[in-house]
There are 4 protein chains.
Amino acid sequence: MKALVYNGPGRRAWQDRPRPELVDTTDAIVRIDAVTICGTDLHILKGDVPTVDPGRVLGHEAVGTVVETGTAVTGTKPGDRVLISCITSCGRCEYCRASVYGQCLGGGGWILGHRVDGVQAEFARVPFADTSTYPLPGNVTDEAALMLADILPTSYEVGALKGNVRPGDTVVIVGAGPIGLAAITAARLFTPSTIAVVEREPARLAATKAFGADVLVQPDDDPVAVVGELTGGLGADVVIEAVGVPETFELCAKLVRPGGHLANIGVHGKPATLHLEDLWIRDITITTGLVDTSSTPMLLKMLAVGKIDTAPFVTHRFGLDEMDEAYDVFARPQDSDALKVALFRR
Amino acid sequence: MKALVYNGPGRRAWQDRPRPELVDTTDAIVRIDAVTICGTDLHILKGDVPTVDPGRVLGHEAVGTVVETGTAVTGTKPGDRVLISCITSCGRCEYCRASVYGQCLGGGGWILGHRVDGVQAEFARVPFADTSTYPLPGNVTDEAALMLADILPTSYEVGALKGNVRPGDTVVIVGAGPIGLAAITAARLFTPSTIAVVEREPARLAATKAFGADVLVQPDDDPVAVVGELTGGLGADVVIEAVGVPETFELCAKLVRPGGHLANIGVHGKPATLHLEDLWIRDITITTGLVDTSSTPMLLKMLAVGKIDTAPFVTHRFGLDEMDEAYDVFARPQDSDALKVALFRR
Amino acid sequence: MKALVYNGPGRRAWQDRPRPELVDTTDAIVRIDAVTICGTDLHILKGDVPTVDPGRVLGHEAVGTVVETGTAVTGTKPGDRVLISCITSCGRCEYCRASVYGQCLGGGGWILGHRVDGVQAEFARVPFADTSTYPLPGNVTDEAALMLADILPTSYEVGALKGNVRPGDTVVIVGAGPIGLAAITAARLFTPSTIAVVEREPARLAATKAFGADVLVQPDDDPVAVVGELTGGLGADVVIEAVGVPETFELCAKLVRPGGHLANIGVHGKPATLHLEDLWIRDITITTGLVDTSSTPMLLKMLAVGKIDTAPFVTHRFGLDEMDEAYDVFARPQDSDALKVALFRR
Amino acid sequence: MKALVYNGPGRRAWQDRPRPELVDTTDAIVRIDAVTICGTDLHILKGDVPTVDPGRVLGHEAVGTVVETGTAVTGTKPGDRVLISCITSCGRCEYCRASVYGQCLGGGGWILGHRVDGVQAEFARVPFADTSTYPLPGNVTDEAALMLADILPTSYEVGALKGNVRPGDTVVIVGAGPIGLAAITAARLFTPSTIAVVEREPARLAATKAFGADVLVQPDDDPVAVVGELTGGLGADVVIEAVGVPETFELCAKLVRPGGHLANIGVHGKPATLHLEDLWIRDITITTGLVDTSSTPMLLKMLAVGKIDTAPFVTHRFGLDEMDEAYDVFARPQDSDALKVALFRR
């Protein structure tokens, strides 16, 4: 079969690989019907994620059809159409038993396209299939479901829930990439009074309107002043970091009101400065987190009844064998205006 | 009357001052029966708190007897024995109405001995007396009540509650000054399985045993390794910072398990480094806070029924007119082994 | 002035009364600009609320203009346009300090039109004005604000919050009177996947569509079966009782899933049967409650930014001197199709 | 092997039964080392639990040694000493994934000694062994661990957690059988200010002192008045029902303060009357529940470090082959003063 292989920093290839086979009794083999690319895949390709070995098949967001299952798998069977979650859950460790699958100690967590071969391929082996795949309701399209493999549960759990978004809140989201846009969608489930988005790229910033942003702010427009004006000088109830660099995190810490929440979603490569000399007295809550995907069944239900709209996320569609072109488009959003790209088996 | 006056950096005096008078209709004038000194008072004297003007009477932790009340005061009357809280609450602003008195927008918050004259004096004016004083049950001594003016509600609210201490938790407290010791008492209300304390001074560290610490750690003993051993390598459920310097905060961030809480109580004068490159994926919650004293009535009830023991906190007792000596003793704990000092009207 | 007076069971009159005067220093006198009638007022008129003495001016939901304030009032002043909340808060008792104003022990709670004269009058005395009135943003109309005097905070706090409505939930609301309709609006702030409403009156049931109900059920249509079908046989995540008779409460207990919430908003005059022989094992949470109106500032903000739509609530409008006619219309919803009626000073 | 078999109402026998064998790949066969009897077993024997078929081996609380495991079991192996929980968890259904194992939809829940053969036998088959057994720390005795098979997690989860016991609370526990006594232990983990116990049997009532009860009340002593006196007339913060008859439940509803919690643990066979005409306005939260045993690992840790004392629970000890005698003693607590009985393999 063909798969997208990381061959060391800067080197990727859509190349032949042996079709995966069952290894553990809890595995499933899934034929990939639709897959997408994550910003994290670009980080891996740059060599920023040293835990990924060369030779690794990338990808952790897919929809597929089960073709084979291990003897211990009871929750899914060949022919089932499933969402493959970015998070694998052993279902038995103390974290999994507490619904914190992202921190799985039993061999799961974020492993697909990271520590084991991923889903940017014609077929994939999914460990712990019973607790790591989700059956798809008939009326949910592959494309819509793809948005639930990572970005929507991440922005809901790590952004809206950890940030404690409440009705009436003023929410500021810093960064309008796919995860920032998903954070708008997620935050709106709690009906804030105002969602303000801070983003440098004018096209991305403008795009947030369609997702439901109320106030658009460019970093040069003094976000602290804008948010102060929105909130009687207090600051935002919730600030969501969706970029992953020190400057944006530090901006978030200036935007949050006394008693407010700063929820970090961004993937960071460097430390930030925490101004405790100002913050110690201000009742701030700062959270970080990897998604657990514990919200995936709820989000699937919302897709099925039409209460979440994923249409604006996917800007480009490809065949699976156009993987190279899809990566090129996704890697240059400033030129392509790409948000999420989707690749389909044809 | 006599009062302890801050006369600029390094200059304090127990000197004559006019006896305070009612200014607002919500004021009470209180005769001070017992008072204590806070580490913050030492910071002010060093000149570290620029919002304190020279000429200010210091002190924000006292017990006294009401001698006069403004026309709008209905909850207390001359002759009442009251606890004067370190936090003043206007009772009407949006923060006070949400029980977040520490962030009061209506003229309260931490103002005593800070923005208005404090309680290290023979008499004090207490603004918003109805919502900023607490009647004392008959069987609660002045000395015991003093521990509820600041350190116990602070360690309970900002430490145990914000840190989300739960039965069975492994709790690490970094720093064993009065606030760290109070954090042991506060955490024990939720019956952790293990309380470990990290403290450099051997005498202070040894003293934590009497408060209920289970494991004593010196900073040179590799606290990360010790806590790892206690927790199967995961880290602590809750880590409480009770020092206020970057090094201890950064140590705390290394001690907390994935999914755990880091509750900062320490008063910081400098920024710390936040290692988001490690923490972004670890589901950490970091909180800061000023006490609200919303727990004061509960803590008073616990004192009255004997479920909190404040006896080990007060190491030195003085007359009110020995204020200078009390400051000297409190400022040199390494020599005096002082924890809290208490001064009484005689 | 004129006022609507309860003159004993079955006897009401829009009659002359002395204009109210300041009694306590915390009072305000407010000229009533808009007022509405509550189902509770009808109960009082039937004689069902024995704590209301004959001679009482009724009414607890109004908007007005402050004309005079007591000497202790600092938060509002003559000329201010304010919402008069159905709940009066002393601001000082242990319940008020914990934001539970409905259970005020200091002379507040539900007193207007109940234990003291109410607001269905040309002028009203509002006790504890600082903590019992809310300034109105300029762009919020009197009519819209009226919906925040009782029904919207009640349905939000006692229905949606106590019922713990979460994104994706299946919510069933039993009863589609004004409070049931408001419960739809309140629940939608948390974006349930499905809102089903059970109501006997066909016109009322049909009206719920405009408020956002997804599924309409008549009591004869076997609500247990309908909800079972919606939820894979489990039952609803949240059931909200908005009628106040034993039959509807008992129906609610049959509709809730294991682990779900039953939030009672209805005002009950009789006991219900609680089938503990079925429920003891099912992890049910049942809540009751009087509104606190702690959510009023948030709801006002939502009105101001247009995120809550109150337009469909008011079906009939009158002048204040048409009080009798307004009562007649409101008391016969089956004929008049009245939901809420609004009366305005002209 | 020998097992305690329910042979229809009123008929039990310690009789020969075939030794259980593996059925599913997720099963374990466990040799029973210690076992106890539950009040529920007595109910079954009376014929009160129609879901139990004659021929069923009873018992759902045991400690044992694994002797054989199915091919899909990876978390335990022959030779392991394990706690067998009263709740079986499939680990995969939506309830199990949310840590609500008691409501398992995948074949678990309370099944041992109920829908499948139980543990009052020399050997038992434990379904879903990976997620339904708990490895025992070396220093935890069989007898201590037995108290964690049902009564301590039940009283902690269904009593203390659902009842929301908080430091400083006044907690009333109605009923001082084993589950009521365990509720004292569980509530104390949150350090209430006062624990009052209501119990008719003088010997049982007296026994509560050793568990930490502060106030002992007989039903004839007007518990409403006693609790009113303890709480300034307000009522208790938390009331825990630990009997299971309408009278005690209805008493609980009279004892709870406005805003308080009534947590039902009792197993009920009949409906109770819920006085909504009084309660609708009082902000009461009523909870019911079956234990999930999600707290079992935490409680085991507390046993291992000595922070929970189970010694006073076990009043009588037997050999496994003295099952009949043990039942006789346990069934007549008024004569035997039995709390929990323990039977050990010899």
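Description of the structure in this document. (Residues numbered from 1 in each chain as written. Chains lettered and ligands numbered in written order. Predicted model: local features only at pLDDT ≥ 70, side-chain atom pairs only at ≥ 80, totals over all residues. Heavy atoms only, no water.)

1. A word on the overall build of chain A
Helix and strand counts for chain A come out as 13 helices and 17 strands. Taking 346 residues into account, the globule formula puts the C-alpha radius of gyration at 20 Å, and chain A, at 20 Å, falls close to it. Seen through its principal axes, chain A has C-alpha atoms that stretch 60 × 45 × 40 Å. Put simply, chain A has 346 residues, and 64% of those count as buried. Across chain A, the fraction of contacts at a sequence separation of at least 24, relative to all contacts at a separation of at least 6, is 70%. Element-wise, carbon and sulfur atoms account for 50% of the exposed surface of chain A, whose accessible area totals about 11900 Å². With 31 positive and 43 negative side-chain charges, chain A shows a spacing of 4 Å between the two charge centroids. (Helix = DSSP H or I, 4+ residues; strand = E, 2+ residues; numbered from the N terminus. Rg over C-alpha atoms; globule rule 2.2 N^0.38 Å. Buried < 20%, exposed > 50% of the residue type's maximum accessible area, 1.4 Å probe, protein only. Contact = heavy atoms within 4.5 Å. Areas by Shrake-Rupley, 256 points an atom, 1.4 Å probe, with all protein chains shown as cover. Lys, Arg positive; Asp, Glu negative; His and termini not counted. Charge placed at Lys NZ, Arg CZ, Asp CG, Glu CD.)

2. Some details on the interface of chain B and chain A
Chain B puts 36 residues into the contact, and the matching count from chain A is 36 residues. A buried area of about 3100 Å², summed over both sides, lies between chain B and chain A, and 60% of it is on carbon and sulfur atoms. Together, B:L276, B:W280 and B:D283 form the three largest contributors to the area buried by chain B at its contact with chain A, with a combined 22%. Applying the counting rule to chain B against chain A returns zero salt bridges. In this assembly, chain B and chain A are joined by 21 residue pairs in polar contact (both at pLDDT 80 or more). Only α2 (94-97), β13 (256-264), β14 (272-274), α10 (276-279) and β15 (285-287) of chain B provide two or more residues apiece to the side of chain B that touches chain A. (Buried area = accessible area lost by both parts, 1.4 Å probe. Salt bridge = Lys/Arg side-chain N within 4 Å of Asp/Glu carboxyl O. Polar contact = N/O pair within 3.5 Å; in protein donor to acceptor, adjacent residues only side chain to side chain.)

3. Remarks on the interface of chain C and chain B
Contact residues are listed per partner, giving twelve residues for chain C and twelve residues for chain B. Approximately 1100 Å² of surface area, both sides summed, lies buried where chain C meets chain B, with 32% of it carried by carbon and sulfur atoms. Taken as a group, C:R92, C:R97 and C:T131 account for 58% of the area that chain C buries against chain B, more than any other trio of residues on that side. Connecting chain C to chain B are two salt bridges. Among the salt bridges present, the one from B:D130 reaches C:R92, with a minimum N-O distance of 2.9 Å. Between the two partners, chain C and chain B, sit twelve residue pairs in polar contact (both at pLDDT 80 or more).

4. As for the environment of D:G113
Structurally, the position occupied by D:G113 is in the loop between α2 (94-97) and β7 (123-126). Discounting residues that sit within four places of it in the chain, D:G113 has contacts with D:I44, D:V52, D:R56, D:V57, D:L58, D:G59 and D:G118.

5. With respect to the packing of aromatic side chains
One pass over the structure, following the stated rule, counts ten aromatic pairs over all chains. Grouped by ring-pair contacts, the aromatic residues A:Y156, A:F190, C:Y156 and C:F190 constitute a single cluster. Stacked on the ring of D:Y101, the Lys or Arg A:R97 has its end atom at 4.0 Å from the ring centre. Stacked on the ring of D:F123, the Lys or Arg D:R19 has its end atom at 4.0 Å from the ring centre. (Phe/Tyr/Trp six-rings, centres within 6.5 Å; stacked < 30°, edge-to-face > 60°. Lys NZ or Arg CZ within 6 Å of the ring centre and 35° of its normal.)

6. Re the pattern of salt bridges
Counted according to the given criterion, the structure contains 72 salt bridges over all chains. Of the charged contacts in the structure, one is a salt bridge between B:R56 and B:D117, with a shortest N-O distance of 3.1 Å. Pair noted here: B:R56 is in strand β4 (residues 56-57) and B:D117 is in the loop between α2 and β7 (123-126), with a separation of 61 residues, a long-range link. A salt bridge links C:D33 to C:R345, with the nearest nitrogen and oxygen atoms 3.2 Å apart. Here C:D33 is found in strand β3 (residues 28-36), whereas its partner C:R345 is found in the segment after β17 (340-344), with 312 residues between them in sequence. Taking the relative accessible area as the measure of exposure, C:D33 reaches 9% and is therefore buried. Overall, the relative accessible area of 42% leaves C:R345 in the partly exposed class. Salt bridges linked by common partners bring A:R12, A:D324 and A:D328 together as one network.

In short, geometric facts, not functional conclusions.
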